[in-house]
Amino acid sequence: MTLQHYLVISAILFTLGIFAVLTRRNAISILMGIELILNSCNLNFAAFSRFVTPSDDINGQIIAIFGIVLAAAEAAVFLAIILAIYREFGSIRPDEVDTLKG
Amino acid sequence: MQPLSNIDSLLHFSPEILLVIFAAAVIILDLIVKDDESVAVAYLSLVGLGCVCAAVLIIHFSFRNPVSLFEGMIRLDEFSTFFKILLLFATAATILFSLRSEELDERLKGEYYALLLAITLGMFLMASATNLLMIFIALETVSLTSYILAGFLTHSPRSSEAAFKYITYGAVASGTMLFGLSLLFGMAGTGDLTQIGGQLTEHLASGAVAPLAVLIAITFVLAGVGYKIASVPFHMWSPDVYEGAPIPITAFLSVASKSAGFALFIRFFYTGFGATGLMEAVDWPLMLAIVSALTMTVGNLAALPQQNVKRLLAYSSIAHGGYLLMGGVLLTSEGIEAILFYLIVYLFMNLGAFYVVVLVANEMGSETIEGYRGLGSRAPLIAIAMVIFLASLTGIPPFAGFFGKWLLFTAVLEQGYYWLAFVGLLNSVVSLYYYARIFKAMYFEDADEETDRVAFSTGTFALLSVFVIPTIFIGFLNIFYTFSNVSVSVLPMQ
């Protein structure tokens, strides 16, 4: 496995994430797409830390760990907001949540 | 200059530590006091902000030289001090607005103030971060907290919808930004903003890194920053969020969040890539100039037909983001100075306008332009204050907005971007039209029903004058120019 393998996988993950966010019609699927995006970044950081920076420099891995923590925080807030949306609109489809326009 | 170690940094970090302590104290006090006494919680937050402000000033005057803290994670200099004071003022104003606002649920106000203090902490870090990791953590602290605050009216569908749209756009934008940061990290081999530019230039010269890769990475980072300052094409969230969120939060997001975004933008590009050869490989100035021109044009044109004043001010705030970006086009120190000065002016005039919106929403129960009918005779002082804010937002002399725009336009003209200055000028004229609609409703249209005078308390007028007086006089005071000048001079050019 070289650096290129990891970068290609993370690029695919990132693209899939963006694709999911753009095409999915369900808030939970959108959240999953966002998680894919964030995980592709973590993969990048870990791979760069392994292949690019000196072996005693673990900054990349540390950043990846922070990335995981932030992804968890974001998922928690997102789910709470989805819950609020469900209470108000009775649906979690983004196209049905559109009272604000103009 | 050697960065300070973690333990030595703590003393310099005391304003941020104080913020955390006060946020915790606010939560605890909220548990102790009764539901109908949440005013005490607000006053504690204000006292907290006062202490933090004192700490910022004491540290500023006792350690005059810029220092890097926490092994180079954040940097303490005049630039970050400038933004810290600006942000503290914006937060204090937001807390005072929230006290007057009748939208918010009294029982939840304790959490609300604690969240406001937490978001201030995030913005402090945004203004001083000099490491990719710190930049991302600071941005996420601000974003996550503002999603919650935008959706704080749990009984209101509008507010929940605003939070939903905000987090969907925001999460994608910050994910994209993190991807860009990860590529930058990989190409430079370091997360330190002060070294990235040099490393990248070296690797570009040796052919180890392709210019296109750097371009893509920086564009991805721009997505995250552009979303924070609501620049085209990342502005779509802002009208909906501004309309749905509680009014004090709208005011806060349009001023504080945008200022912190600009702090990050300036530090990232100026410190990271300022004078390196990176800026020459791609025509960055042209790209930023186009983004700036589009941002102000889209903001102003979309504002024209708006009936809801909050939404109108949202578009106006997008347009002001465009004006501010003009100063950043060439990343010259004159341009940055103009941005900082305009941010001071914008703070006062925009917060003032939103305060009037809060007052009108409370008294007339309306956020639409119709609610402003006859305000000129029903509440003459409030109407005059609104006229001053709107005139200043348009850029009519002698108000502060004129001097702010003047500086921005001269900075652009000095660099030879005549078309950009022309677009900016045209946009100011367009903006006059929709600001004048509010003016017309206040003075030339009569309210449909009652036409009694509305009485406001002395406290309301006192707070209003805090915004009116600076909006009139800032342009004539040298100290504010010096303030922005000094803040720029410390940014290291490479």
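The structure presented is a predicted model; accordingly, all values stated were derived computationally and were not measured.

Quick look at the overall build of chain B now. Of the regular secondary structure elements, chain B holds 21 helices and two strands. Computed over the C-alpha atoms, the radius of gyration of chain B is 22 Å, within 12% of the 23 Å expected from 2.2 N^0.38 for a compact globule of 494 residues. Its C-alpha atoms give chain B principal-axis dimensions of roughly 75 × 55 × 45 Å. Within chain B, buried positions represent 60% of all 494 residues. In chain B, the proportion of contacts linking residues at least 24 apart, taken out of those at least 6 apart, comes to 80%.

As a further point, take the interface of chain B and chain A. The accessible area lost on association of the parts is a frequent measure of interface size. Residue-level contacts link 34 residues of chain B with 32 residues of chain A. Going through the elements one at a time, α6 (132-150), α7 (157-188) and α10 (237-244) of chain B are the ones with two or more residues in the side of chain B that touches chain A. Looking at the side of chain B that touches chain A element by element, the count peaks at 18 residues for α7 of chain B. Class assignment for the residues of the side of chain B that touches chain A results in 17 nonpolar, 11 polar and six charged.

All right, on to the confidence of the model for chain B then. Taken residue by residue, chain B gives an average pLDDT of 88. The fraction at 70 or more is 96%. The ipTM, which scores confidence in the relative placement of chains, is 0.96 for this predicted complex, and the corresponding pTM is 0.94.

With that settled, consider helix α13 (residues 284-303) of chain B. Residues and elements named next belong to chain B. If you check α13, its first and last C-alpha atoms are 28 Å apart, about what 20 residues at 1.5 Å a residue would give, namely 28 Å. Within α13 the residues assigned to the buried category are L288, A289, V291, S292, A293, T295, M296, G299, N300, A302 and A303. On its buried face, α13 is in contact with α14 (309-328) and α19 (418-444).

Another aspect to go through is the environment of D30 of chain B. Residue and element names in this part refer to chain B. Its place among the elements puts D30 in helix α2 (residues 14-32). Along the backbone, D30 and I7 are 23 residues apart, and their C-alpha atoms lie at a distance of 32 Å. With residues near it in sequence (within four places) discarded, D30 still touches V41, G110 and E111.

Cut-offs applied
- The residue count restarts for each chain, going from 1 along the sequence in the order it is written.
- Key to labels: chains lettered from A, ligands numbered from 1, both in the order written.
- Given that this is a predicted model, residues contribute local features only at a pLDDT of at least 70 and side-chain atom pairs are listed and counted only at 80 or more, while totals for whole chains, interfaces and linings are drawn from all residues.
- Think of it this way: any DSSP run of H or I at least four residues long counts as a helix, any run of E at least two long counts as a strand, and we number them from the N terminus.
- For the radius of gyration, the atom set is restricted to C-alpha positions; the globular benchmark scales as 2.2 Å times the number of residues to the power 0.38.
- Note on burial: count the other C-beta atoms lying within 10 Å of the residue's C-beta; 20 or more is buried, 12 or fewer is exposed, in between is partly exposed, and C-beta positions come from the backbone.
- With C-beta atoms placed from the backbone, a contact is any residue pair whose C-beta atoms sit within 7 Å.
- Under the grouping applied here, Gly and all other residues not named as nonpolar or charged are polar, the nonpolar ones being Ala, Val, Leu, Ile, Met, Phe, Trp, Tyr, Cys and Pro and the charged ones Asp, Glu, Lys and Arg.
- pLDDT gives the predictor's per-residue confidence on a scale running from 0 to 100.
- Multiplying 1.5 Å by the helix residue count minus one yields the expected span of that helix.

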